[in-house]
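Structural features, examined
The residues making up each chain are set out below.
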Amino acid sequence: MSNVDVNQAYLFLIFILNGIFIGIIFDFFRILRRSFNTPNLVTYIEDILFWTISAFSVLYTLFIFNNGAIRGYIFVGLLLGIILYMLFFSKTIMNISVKIILFFKEVIGKILKVAITPIKAVFKTIKKILSIFEKNASKCLLKMKNDVKNNQKLKIKSKKNKKLENKEGF
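Residues numbered from 1 in each chain as written. Predicted model: local features only at pLDDT ≥ 70, side-chain atom pairs only at ≥ 80, totals over all residues. Heavy atoms only, no water.

1. A closer look at the packing of aromatic side chains
Enumeration according to the criterion identifies 7 aromatic pairs in this entry. For the pair Tyr10 and Phe65, a centre-to-centre distance of 6.3 Å together with 70 degrees between the ring planes defines the contact as edge-to-face. Within this pair, whereas Tyr10 is found in helix α1 (residues 3–35), its partner Phe65 is found in helix α2 (residues 40–66), the two being separated by 55 residues in sequence. Taking the centre distance of 5.0 Å and the plane angle of 70 degrees together, the rings of Phe50 and Trp51 count as edge-to-face. Given a relative accessible area of 59%, Trp51 falls into the exposed group. Each member of the aromatic cluster is reached from another via a ring pair, and the members are Phe26, Phe28, Phe29, Phe50 and Trp51. (Phe/Tyr/Trp six-rings, centres within 6.5 Å; stacked < 30°, edge-to-face > 60°. Helix = DSSP H or I, 4+ residues; strand = E, 2+ residues; numbered from the N terminus. Buried < 20%, exposed > 50% of the residue type's maximum accessible area, 1.4 Å probe, protein only.)

Printed below as a string of structure tokens:
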């Protein structure tokens, strides 16, 4: 085997590994989609991110290992790497990863539920206290308003009585 053949076989292997890396990145985003409900906008952003990472990976590998020269076997290597990953590893990694993420989501949810329960109780108590205060304050303000009205009526009557006394006295 000549040096050129060894170099091409080495590059072919490198691009098979790059294809496997692209498959792993692809599965990473699939795992996120299966584990979390994401809006369409987030899905679009994830897709753009996947293609950007894939493109940079291929271009970086192409320039580092092959000085930017594009050969047909490079694309065959990439495709073969993606196919090998999807056939032999993807399903297992997806299932295990989704189960792990869902387990942690459940555990974190339970921890948050336990942690939030006392906080809810405190807020409920504060709400009750404030509602009692509001009722008492409303009653007090209503009484003060009525007292002010009564006081004003008394002042008006008092002024009328003084006027009448002044008229009667003279």
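Here the narrative resumes, following the displayed structure.
2. As for the pattern of salt bridges
Scanning all chains against the criterion turns up 4 salt bridges. Close ionic contact of Glu46 with Arg33 constitutes a salt bridge, the shortest N to O distance being 3.2 Å. With Glu46 in helix α2 and Arg33 in helix α1, this residue pair connects regions lying 13 residues apart in the sequence. Note on Glu46: relative accessible area 10%, which makes it buried. Of the charged contacts, one joins Glu106 and Lys110 as a salt bridge, the two residues approaching to 3.4 Å between their closest N and O atoms. (Salt bridge = Lys/Arg side-chain N within 4 Å of Asp/Glu carboxyl O.)

3. Some points on the confidence of the model for the protein
Per-residue pLDDT for the protein has a mean of 87; in total, 89% of the residues score no lower than 70. When pLDDT is averaged over each element of the protein, α2 comes out on top at 95 and helix α3 (residues 72–169) at the bottom at 83. (pLDDT = per-residue confidence, 0-100.)

4. Notes on unusual backbone geometry
One non-glycine residue, Asn67, lies in positive phi territory at about 55 degrees. Looking at the element boundaries, Asn67 is found in the loop between α2 and α3.

5. So, the side chain of Thr61
Mapping Thr61 onto the fold places it in helix α2. Judged by relative accessible area, which is 9%, Thr61 ranks as buried. In this structure Thr61 touches Ile14, Phe15, Asn18 and Asn66, once residues within four positions along its chain are discounted. (Contact = heavy atoms within 4.5 Å.)

6. Here's the deal with a nonpolar patch on the surface
On the surface, Ile96, Ile100, Phe103, Phe104, Ile108, Leu112 and Ile116 cluster together into a nonpolar patch covering about 660 Å² of accessible area. Within the secondary structure layout, Ile116 lies in helix α3. (Patch = residues over 30% accessible without salt bridge, like charges linked within 9 Å, V, L, I, M, F, W, Y side chains within 5 Å. Areas by Shrake-Rupley, 256 points an atom, 1.4 Å probe, with all protein chains shown as cover.)

7. Topic: the side chain of Ser57
Position of Ser57 among the secondary structure elements: in helix α2. Overall, the relative accessible area of 11% leaves Ser57 in the buried class. At a separation of 2.5 Å, a polar atom in the side chain of Ser57 contacts the side chain of Asn18. Among all residues touching Ser57, those that are not within four sequence positions of it are Asn18 and Phe21. (Polar contact = N/O pair within 3.5 Å; in protein donor to acceptor, adjacent residues only side chain to side chain.)

8. Structural notes on the packing of α1 against α2
Contact geometry for α1 and α2: axes closest at 10 Å, N-to-C directions at 165 degrees. Taken as axis vectors, α1 and α2 run roughly antiparallel relative to one another. Relative to α2, α1 is oriented so that their crossing is right-handed. Among the residues forming the contact of α1 with α2, the class breakdown is 16 nonpolar, 6 polar and 3 charged. (Axes fitted to C-alpha atoms, helices over the stretch in contact; angles between N-to-C directions. Parallel < 35°, antiparallel > 145°, perpendicular 65-115°, else oblique. Left-handed = near helix turned anticlockwise from the far one by under 90°. Nonpolar A, V, L, I, M, F, W, Y, C, P; charged D, E, K, R; others polar.)

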